[in-house]
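# Examination of the molecular architecture
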Amino acid sequence: MAQIKSQFSELNGHIADAIKNKDFSRALILDKARQDILKDLCLMDPSTIDAGFFEFIEGCAKDNARLIQSVEEDMVDMTFRQSQARKVQTAYMQR
């Protein structure tokens, strides 16, 4: 179980880095690998998985959700700035 937790943690760190770097294709590939680990866990005997592991996974999911929220906020901000720039450019061109 410790090895799976280590692999999951490492993947989660790489996903976080990919999201921070806005390398979304890499984040998707890594997330697929992480989902495969979760699928393998579902096939295991439930008695071999401790509650702490699920708490760990939930913490990872919360961290990723915060990163995704941050990226979404950046995208909204970028869209707003682009819209403002277009308005300024349009106003300038109409002079």
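Figured I'd write up the structure that's included with this text. Bear in mind that the values here come from a model prediction, so they are computed numbers and not experimental data.

Under the definition given, this model contains three aromatic pairs. Look at F8 and F56: their rings are 6.0 Å apart centre to centre, the planes differ by 65°, and that puts the pair in the edge-to-face class. Of this pair, F8 sits in helix α1 (residues 2–20) while F56 sits in helix α3 (residues 51–93), placing them 48 residues apart in sequence. Residues F8 and F56 agree in their burial class; the two are buried.

This part is about the environment of F53. Position of F53 relative to the elements: it lies in helix α3. For F53 and M1, which are 52 residues apart along the polypeptide, the C-alpha to C-alpha distance reads 8.4 Å. Residues within four places of F53 in sequence aside, it is in contact with M1, I4, K5 and L41.

So, how was this worked out
- Residues numbered from 1 in each chain as written.
- Predicted model: local features only at pLDDT ≥ 70, side-chain atom pairs only at ≥ 80, totals over all residues.
- Heavy atoms only, no water.
- Phe/Tyr/Trp six-rings, centres within 6.5 Å; stacked < 30°, edge-to-face > 60°.
- Helix = DSSP H or I, 4+ residues; strand = E, 2+ residues; numbered from the N terminus.
- Buried < 20%, exposed > 50% of the residue type's maximum accessible area, 1.4 Å probe, protein only.
- Contact = heavy atoms within 4.5 Å.

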